[in-house]
Amino acid sequence: MQAVEISDVTKSFGALTAVDDLSLAVPEGSVYGFIGPNGSGKTTTMRMITGIFYPDRGAIHVFGKQISRARSQWIGYLPEERGLYRRMAVRPLLEFYGELRGGRKVTAEVNGWLERLNLSQWASQKVQTLSKGMSQKVQFIAAVVPEPRLLILDEPFSGLDPVSADFIRSAVLDLRRRGVTVILSTHDMGVAESMCDYIFMIFRGKKVLDGTLASIQDRYGTDTIQVAAEGGLESLEGLPGVDRIRDLGQTQELRMAPGCDPQQVLRTLISRTRVTSFSVTKPSLHDIFVRIAGPEAGETKVA
Amino acid sequence: MRRILLIAQRDYLATIRTKAFLVGLVVAPILFGGGFLGIALLRSHPDIKDRTVAIVDRTGVAASAVIEAAQEKNAKELFKKTTHRQIAPRYVFESVAPEGDRMAQRLTLSDRVRRGQLFAFLEIDPANLHPGKDVPGAGVACYSNSGAFGNIREWLEGPVNDGLRRVRLAELGVGENHFDDVLGEIPVEKLGLVSRDEATGQIRAADKKSEIAEFAVPFGLMLLLGMLVLVSSAPMLSAVTEDKAQRVVEMLLGLVTPFELMMGKVLAAVGISLSSSAVYVIGGTVVLEALGMAGLVPFALLPWFYIYLIADVIMLCAFAAALGAGCNSPQDAQQLAVLLMAPVMVPYFVFALVMQQPNGAISTGLSLFPMFTPMLMLLRMALPGGVPLWQPWVSLAGVVACTFGMVWAAARIFRVGILIQGKSPKLAELVRWAVRG
């Protein structure tokens, strides 16, 4: 069964079409990554799945049921804009949210999660005394207590230090192992590549990518060279058969023009400078993102 | 419903646990009843400095009689009978011989008043001795620069008339020993109506009416209602704006519908107003009981008081929630707060008019307007004579309909407004959200 099925959904705000004729199927038990530039429609799509917004056209089904006006107790939601009652203590706040969704006392689960995320000693503190990272973890707990069937996380890792991010990442993967379907949006392509079974990219309200990472990369073929060479970016300029160069600092990513032979590129390069590493790969998700959503800093168009 | 109750419970506890709530419980009655408290304080600590009044007597015969009457009044009113404490200023008189140039003399005396040597001066013209219909110029002039609260005119009216009447009686040859008999004042006592006791069949004597009670009870009841409504609905506006600014609402809207969220908040406000009212009603009853004035508590009106209170709080809180949902900052909210105050402030401004003519067309009309019904109908019901039986019920129907309408419209505005950020609302926009949903 599909956990979420979005069929021909359109949502507009005044003259702006935030989501345009979108169809998407999220298989149960998968981790689905939503990517796309800011303002492209990720949050609006997520808000429609949670039932905060209603689509103007089209239908959304969650576990086979039309998303109704009553919020589903199956869905745990972590909004992008974090918001907690600042003057409430952590544990009562989490119990309030949990009971609101689950309809029952959730004290034991709250305690379990507080312990797991190293927050037990903060349980009686007011939210306003917590650091940003800690309140983000508290908000994550609010989304997963009681355990949902579908977990929607809007930018779950933004602003987290690596340790906290690891805690959340392992918690999400754990939930997924227990059968929870996860939808998460991220600007970190590394997260999308490493965590997600499926990736969906939305751009200007329209779906532009949808599938597994491998199937998406296959569409672009093996047209990318990752190279490290003495002289860096300067030594690579003007290479024949290279369309674009993305400067990553220590290494550079080259995109080959159609029909270009990587062996020829390597030969030319060796004749110019000392090459320390050279590999021919499929384009990274980052590269694909940039190809779709336009030029970014650090990229040089080869004339 | 369970979710509404959960939200209501959280908001209720979050509010009543704050210091601001407890402080408000004490401060609100002082703010609302402040003016009246001030008057009461002034009455209990009157100015008892002597007041010197000059009399320019152009009749040649009135001054001494007026002064004599005034001194009798001084003797009667100066001290409290039980404690013998002076409770009123003593009026002292100074006879001033009339001069030919009236205006010049008035100016001289006026200057003395300005310098504080005199409190006022009177000028008694001969026309006042026999003020028949055909005599022009009757009327004693009292010149003073004291404010309205000095009530010098009211105080002097008695002795002046008394004095002049004594002169007239003397002219008619009535002996001084008959003056009291002729001029003695008889009080008129105000009583309620005689009724028959339904249980025993006996005729019940009429109650003595205290004018203070007749004023204070209806006014106090109306004031209490207005105050409770305002203190429980005014924080709603900023609370919703704050929740919105702190981004709490999106989290909540993932869990409950906007209607559930709004009604939870409204219900919390109803709970807060009921808790505060319990403090005031029970406290007021205990105090009046202790003062031996328990009879003043209008127990029969308490059910209406509570019906109107709950309806009014729901109506205004839903309105406040909708306005709050449209706002993005406390500044926005403040600008709209005046809309919220109107249903409470308008009755507050017109209460005097309603008290004078409780069953006049304007009073009836205003009290049937649902926004003003709770305060004004309650006021009219508490006044002696009450209102026609149909009016509370008809107005209640209006209030209930208006409350439902308000909640419906507010929920629609709330749903649209609550997630819109960074845009200040225009009133027309709020109306459009209500209509289109």
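Coordinates for the structure precede this section.
(A) View of the overall build of chain A. Along its length, chain A carries 10 helices and 15 strands. Projected onto its principal axes, the C-alpha positions of chain A cover 70 × 45 × 35 Å. In chain A, buried positions account for 51% of the 303 residues. The long-range share in chain A, meaning contacts at least 24 apart out of those at least 6 apart in sequence, stands at 69%.

(B) Quick look at the overall build of chain B. A tally of helices and strands in chain B yields 15 helices and 6 strands. Taken along its principal axes, the extent of the C-alpha atoms in chain B is 95 × 65 × 45 Å. A sequence separation of at least 24 residues applies to 72% of the contacts in chain B between residues at least 6 apart. For chain B, the accessible area works out to roughly 23200 Å², and carbon and sulfur atoms hold 64% of it.

(C) Inspection of the pairing of strand S6 (residues 75–78) of chain A at higher detail. Residue and element names in this part refer to chain A. Neither face of S6 is left uncovered, since the one carrying Ile 75 and Tyr 77 and the one carrying Gly 76 and Leu 78 both have all their residues buried. Judged from the 4 bridges that link them, S6 and strand S7 (residues 150–154) form a sheet pairing that is parallel. When the sheet's bridge partners are listed, Tyr 77 is paired in S7 with Ile 152.

(D) Structural view of the environment of A:Cys196. Summarising the element assignment, A:Cys196 is placed in the loop between helix H6 (189–195) and strand S9 (198–203). When neighbours within four sequence positions are excluded, A:Cys196 is seen to be in contact with A:Val31, A:Tyr32, A:Gly33, A:Leu184 and A:Val191.

(E) Spotlight on the packing of aromatic side chains. Within this structure, the stated rule accounts for 15 aromatic pairs over all chains. Connected via pairs of aromatic rings, a cluster forms that spans A:Tyr32, A:Phe34, A:Tyr198 and A:Phe200. The lysine or arginine in question, A:Arg149, covers the ring of A:Trp74, its NZ or CZ lying 5.1 Å from the ring centre. Above the ring of A:Tyr85, the side-chain terminus of B:Arg10 is found at 3.4 Å from the ring centroid.

(F) Region of the structure containing a nonpolar patch on the surface. Residue and element names in this part refer to chain B. Together, Val 23, Val 26, Val 27, Ile 30 and Leu 31 make up a nonpolar patch on the protein surface, roughly 460 Å² of accessible area in all. Structurally, Val 26 is set in helix H2 (residues 19–44). The exposure class of Val 26 is exposed, given its relative accessible area of 55%.

(G) Inspection of the nonpolar core at higher detail. One finds A:Tyr97, A:Phe140, A:Ile183, B:Met262 and B:Phe305 to be the most contacted residues of the largest nonpolar core, which totals 167 residues. A per-element tally of this core places helix H10 (residues 302–326) of chain B first, with 17 residues. Of all hydrophobic cores here, the second largest spans 21 residues; its members include B:Ala62, B:Tyr91, B:Phe119 and B:Val167.

(H) Spotlight on the interface of chain A and chain B. If you look at the interface, chain A gives 26 residues, while chain B gives 23 residues. Across the interface of chain A and chain B, roughly 2400 Å² is buried in total on both sides, 60% from carbon and sulfur atoms. At the boundary of chain A with chain B, the tally comes to 2 salt bridges. Between B:Glu250 and A:Arg47 there is a salt bridge, with its nearest N and O atoms 2.7 Å apart. In this structure, the connection of chain A to chain B is made through 5 residue pairs in polar contact (both at pLDDT 80 or more). If you list the elements that add at least two residues to the side of chain A that touches chain B, you get helix H2 (90–102) and helix H4 (132–144) of chain A. Here the side of chain A that touches chain B gets 5 residues from one element, more than from any other, and that element is H2(A). A class-by-class count of the residues in the side of chain A that touches chain B yields 14 nonpolar, 3 polar and 9 charged.

(I) Summary view of H4(A). Taking 1.5 Å of rise per residue, the 13 residues of H4(A) would be expected to cover 18 Å, and the 19 Å separating its terminal C-alpha atoms lies within 8% of that figure. Within H4(A), 12 of the 13 residues are buried, leaving the element largely enclosed by the surrounding structure. If you check which residues of H4(A) are buried, you get A:Gly133, A:Met134, A:Ser135, A:Gln136, A:Lys137, A:Val138, A:Gln139, A:Phe140, A:Ile141, A:Ala142, A:Ala143 and A:Val144. On its buried side, H4(A) packs onto S6, H2, helix H3 (107–116), S7 and helix H5 (162–177) of chain A together with helix H8 (248–253) of chain B.

The rules we used
- Residues numbered from 1 in each chain as written.
- Chains lettered and ligands numbered in written order.
- Predicted model: local features only at pLDDT ≥ 70, side-chain atom pairs only at ≥ 80, totals over all residues.
- Heavy atoms only, no water.
- Helix = DSSP H or I, 4+ residues; strand = E, 2+ residues; numbered from the N terminus.
- Buried < 20%, exposed > 50% of the residue type's maximum accessible area, 1.4 Å probe, protein only.
- Contact = heavy atoms within 4.5 Å.
- Areas by Shrake-Rupley, 256 points an atom, 1.4 Å probe, with all protein chains shown as cover.
- Pairing = 2+ DSSP bridges.
- Phe/Tyr/Trp six-rings, centres within 6.5 Å; stacked < 30°, edge-to-face > 60°.
- Lys NZ or Arg CZ within 6 Å of the ring centre and 35° of its normal.
- Patch = residues over 30% accessible without salt bridge, like charges linked within 9 Å, V, L, I, M, F, W, Y side chains within 5 Å.
- Salt bridge = Lys/Arg side-chain N within 4 Å of Asp/Glu carboxyl O.
- Core = buried A, V, L, I, M, F, W, Y, C linked by side-chain atoms within 4.5 Å.
- Buried area = accessible area lost by both parts, 1.4 Å probe.
- Polar contact = N/O pair within 3.5 Å; in protein donor to acceptor, adjacent residues only side chain to side chain.
- Nonpolar A, V, L, I, M, F, W, Y, C, P; charged D, E, K, R; others polar.
- Expected span 1.5 Å × (residues − 1).

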